[in-house]
Amino acid sequence: MKSGKLIIFSAPSGSGKSTLINHLMAQGLNLHFSVSATSRPPRGAERDGVEYFFLSPEEFRERIEAGDFLEYQEVYHNRFYGTLKSQVDKQMAAGENVVCDVDVLGAGNIKKAYGERALSVFVRPPSTEVLRARLEHRGTDAPEVIDERIARAEFELSFAPTFDAVIVNDDLAEACAKVLEVVQKFLAE
Ligand code: ADP
Ligand code: 5GP
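Every chain is numbered independently, its residues counted from 1 as its sequence is written. For naming, the first written chain is A and the first written ligand is 1, with later ones following in the order written. Under the rules for a predicted model, residues below a pLDDT of 70 receive no local features and side-chain atom pairs below 80 are neither given nor counted, while totals for whole chains, interfaces and linings still include all residues. In computing side-chain properties, one takes all heavy atoms of the structure into account and sets aside hydrogens as well as water.

A. The arrangement of the overall build of the chain in detail. Secondary structure elements are taken from DSSP: a helix is a run of H or I of four residues or more, a strand is a run of E of two residues or more, and numbering for both begins at the N terminus. Counting its regular elements, the chain contains 7 helices and 9 strands. With the radius of gyration taken over C-alpha atoms, the globule rule is written as 2.2 Å times the number of residues to the power 0.38. Here the C-alpha atoms of the chain give a radius of gyration of 16 Å, agreeing with the 16 Å that 2.2 N^0.38 yields for 189 residues. Across its three principal directions, the C-alpha atoms of the chain cover 50 × 40 × 30 Å. A simple rule labels every residue: compare its accessible area, found with a 1.4 Å probe on the protein chains alone, to the largest value its type can have, and call it buried under 20%, exposed over 50%, or partly exposed in between. In the chain, which comprises 189 residues, the proportion classed as buried is 46%.

Here is the structure:
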């Protein structure tokens, strides 16, 4: 069986990456989400094993030591996130196209590991003001968490030029169409 491809999405939190990914995954392209592990608590209606595998900091450390991660990062202070090697390789070997949602450093590491078999996509908001407004409107994060996410956004935005494709999420319908176009082209290559 032909092995699947990997699509890596990265964006400052609140850019609309999850919204774009959800739209893309509903297009019948044999795309399957890679469920990462994290040591942060579930947010809103998030379920263990669906959005993330929610681990305690101790469990996360054990999985690092066991060499279970393709990559992992401490994205926010004491908040670890990692891609499980077993998940991704099993899915690709089964011919599934895998979608990863990772921070900018994780995206660089995965792209390095998979090369041409991976497409890296950066989603950016039209401005920092819009980013803050979206995070506030989403209503899932405390004000100090929003401040932390905005502070990190500056750092993340500086990585945009290192990605294979950059999508500005201003008008949602336009951004959805653009994502679909670049992903379809990559899958057809
Ligand atoms: P991320 O996954 O990047 O953190 P989300 O997909 O959760 O971001 O989007 C953040 C918030 O912004 C959500 O409330 C979402 O509905 C909203 N949003 C996403 N894209 C747009 C857009 N193009 N215009 C206006 N609001 C948007
Ligand atoms: P959130 O807490 O909003 O779900 O995610 C915060 C950040 O962690 C986002 O930038 C997201 O892409 C990143 N992230 C989620 N899973 C992983 C992962 O497995 N590895 C890395 N490096 N980052 C991740």
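Here the narrative resumes, following the displayed structure.
B. Here's a closer look at unusual backbone geometry. In this structure, asparagine 30 is a non-glycine residue whose phi angle is positive, near 60°. The phi angle at asparagine 78 is positive, at roughly 65°, despite the residue not being glycine. You can see asparagine 78 is positioned in the loop between β5 (69-76) and β6 (79-84).

C. The arrangement of the pairing of β6 in detail. With 2 bridges joining them, strand β3 (residues 36-38) and β6 adopt antiparallel strand pairing. In the sheet register, alanine 37 faces β6, and the bridge partner there is glycine 82. At least two bridges found by DSSP between two strands are what make those strands a pair. Inspection of the sheet shows β5 paired to β6 by 6 bridges, in the antiparallel sense. Bridge assignment links tyrosine 76 to a residue of β6, and that residue is arginine 79.

D. Main features of the sheet that holds strand β7 (residues 97-101). Read across the sheet, 5 strands follow the order β2-β7-β1-β8-β9 without closing on themselves; strand pairing throughout is parallel. Two strands bound the open sheet, and with one partner strand each, they are β2 (31-33) and β9 (165-168). Strand after strand, the sheet turns through a mean of 25° between neighbouring axes, direction not considered. One ladder, built from 3 bridges, connects β2 with β7; its direction is parallel. Interaxial angles span 0 to 180 degrees and are taken between N-to-C directions of axes, which are lines fitted to C-alpha atoms, for helices over the stretch in contact.

E. Structural view of the site of ligand 1. The immediate surroundings of ligand 1 are formed by 13 residues, with Gly14, Lys17, Ser18, Thr19 and Asn169 found nearest. Counting of polar contacts relies on pairs of N or O atoms within 3.5 Å, with two restrictions inside protein: one atom must be capable of donating a hydrogen and the other of accepting it, and residues adjacent in sequence are counted only when both atoms are side-chain atoms. Asparagine 169 is positioned with one of its side-chain polar atoms (N or O) 2.8 Å from a nitrogen atom of ligand 1. At 2.9 Å, a backbone N or O of aspartate 170 approaches a nitrogen atom of ligand 1. Note on areas: Shrake-Rupley, 1.4 Å probe, and residue coverage restricted to the protein chains presented here. Surface burial for ligand 1 is 75%, taken as the share of its 560 Å² of free accessible area covered by protein chains. For the shell around ligand 1, the secondary-structure elements that each account for two or more residues are α1 (17-25) and α5 (128-138). If one sorts the elements of the shell around ligand 1 by residue count, α1 sits on top with 3 residues. Any residue with at least one heavy atom within 4 Å of a molecule or strand is counted as near it.

F. Region of interest: the site of ligand 2. In the vicinity of ligand 2 lie 18 residues, with Tyr52, Glu71, Tyr81, Asp101 and Asp103 positioned nearest. Measuring from an oxygen atom of ligand 2, one finds a backbone N or O atom of threonine 83 at 3.2 Å. The backbone of valine 102 places a nitrogen or oxygen atom 3.2 Å from an oxygen atom of ligand 2. Burial of ligand 2 by the surrounding chains reaches 96%, relative to a free accessible area of 510 Å². Space inside and on the surface of the protein is sampled on a 1 Å grid over the protein atoms alone, with a cavity defined as a set of points where a 1.4 Å probe fits but cannot get out and a pocket as an open set with protein on both sides within 12 Å along at least 5 of 7 lines; lining residues have an atom within 4 Å of a point. In this scheme, a molecule is assigned to a cavity or pocket if more than half of its atoms are within 2 Å of the grid points. Here ligand 2 occupies the largest pocket. Those elements that provide at least two residues to the shell around ligand 2 are β5 and β6. Looking at which element gives the most residues to the shell around ligand 2, the answer is β5, with 4 residues. For this scheme, ten residues count as nonpolar: Ala, Val, Leu, Ile, Met, Phe, Trp, Tyr, Cys and Pro. Four count as charged, namely Asp, Glu, Lys and Arg, and the remainder, Gly too, count as polar. Considered class by class, the residues forming the shell around ligand 2 number 5 nonpolar, 6 polar and 7 charged.

G. Quick peek at the sheet that holds β5. Overall, mixed pairing links the 4 strands, which are arranged β4-β3-β6-β5 in an open sheet. Strands with a single pairing partner mark the edges of an open sheet, and in this sheet they are β4 (52-54) and β5. Each strand of the sheet is rotated relative to its neighbour by a mean of 25°, with strand direction disregarded.

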